[in-house]
Amino acid sequence: MDFLAARALVHRYVSRRNVPRIPDWDGKVQVVIFDGFTQEKPYGWVCFVNSVIHQETPDFQDLLVGGGPLIVRRATGEHHAFGSGCTLKMYEAGTIPYDTRVDMDDDATL
């Protein structure tokens, strides 16, 4: 798998997310990939996502809280996601205490 295919998978995943805004806001949040922060690793790509609003106005209130990066494995196309309570180092060391695999076709909340 190449980077463009991996990015397309992540884009499809985030475009299908149902991300609620915090209670005092109206509507839903559009989520985008922060391309400038994407990291290429030997095992694949680490893609960071956040709200469109936060990308346009770096106001802390518009930041998606709790979400970590999305990872696409180069060899298998497998996708992984984990929250902000875990680090990329933990993922790479295999020490995250839960299964990080995600179904890119699932419509669950991000």
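Everything here concerns the structure above.
Report on the accompanying structure. (Residues numbered from 1 in each chain as written. Predicted model: local features only at pLDDT ≥ 70, side-chain atom pairs only at ≥ 80, totals over all residues. Heavy atoms only, no water.)

### Points about the overall build of the protein chain
Counting its regular elements, the protein chain contains three helices and six strands. Secondary structure elements of the protein chain, listed N to C terminal, follow the sequence α-β-β-β-β-α-β-β-α. Within the protein chain, buried positions represent 35% of all 110 residues. Within the protein chain, counting contacts between residues at least 6 apart in sequence, those at least 24 apart form 44% of the total. Accessible surface computed for the protein chain: about 6,700 Å², of which carbon and sulfur atoms make up 54%. (Helix = DSSP H or I, 4+ residues; strand = E, 2+ residues; numbered from the N terminus. Buried < 20%, exposed > 50% of the residue type's maximum accessible area, 1.4 Å probe, protein only. Contact = heavy atoms within 4.5 Å. Areas by Shrake-Rupley, 256 points an atom, 1.4 Å probe, with all protein chains shown as cover.)

### A word on the environment of asparagine 50
Take asparagine 50: it is sitting in strand 4 (residues 49-51). Among the residues examined, asparagine 50 registers a relative accessible area of 7% and is labelled buried. A C-alpha to C-alpha distance of 6.6 Å links asparagine 50 and leucine 63, two positions 13 residues apart in sequence. Not counting residues within four places of it along the chain, the set of residues in contact with asparagine 50 comprises Gln30, Val31, Val32, Phe34, Asp62, Leu63 and Leu64.

### Considering the nonpolar core
One finds Val10, Val14, Ile33, Cys47, Val49, Leu70 and Val72 to be the most contacted residues of the largest nonpolar core, which totals 13 residues. Looking at this core, the elements that each hand over two or more residues are helix 1 (3-15), strand 1 (31-33), strand 3 (44-47) and strand 5 (67-73). Broken down by element, this core gets its largest block of residues, five residues, from helix 1. Apart from residues no more than four positions distant in its own chain, leucine 70 is found in contact with Val10, Tyr13, Val14, Trp45, Val46, Cys47, Val49, His80 and Ala81. Counting residues in hydrophobic clusters, the runner-up holds eight residues, among them Val46, Ile71, Leu88 and Tyr91. (Core = buried A, V, L, I, M, F, W, Y, C linked by side-chain atoms within 4.5 Å.)

### Section: the pattern of salt bridges
In total, this model carries three salt bridges according to the counting rule given. Glutamate 92 is the salt-bridge partner of lysine 41, the closest N and O atoms lying 3.6 Å from each other. On the criterion of sequence distance, the pair formed by lysine 41 in strand 2 (residues 39-41) and glutamate 92 in helix 3 (residues 88-93) is long-range, its members being 51 residues apart. (Salt bridge = Lys/Arg side-chain N within 4 Å of Asp/Glu carboxyl O.)

### Structural notes on the pairing of strand 3
Note that strand 2 and strand 3 share three bridges and pair antiparallel. Pairing of lysine 41 across the sheet is with glycine 44, part of strand 3. (Pairing = 2+ DSSP bridges.)

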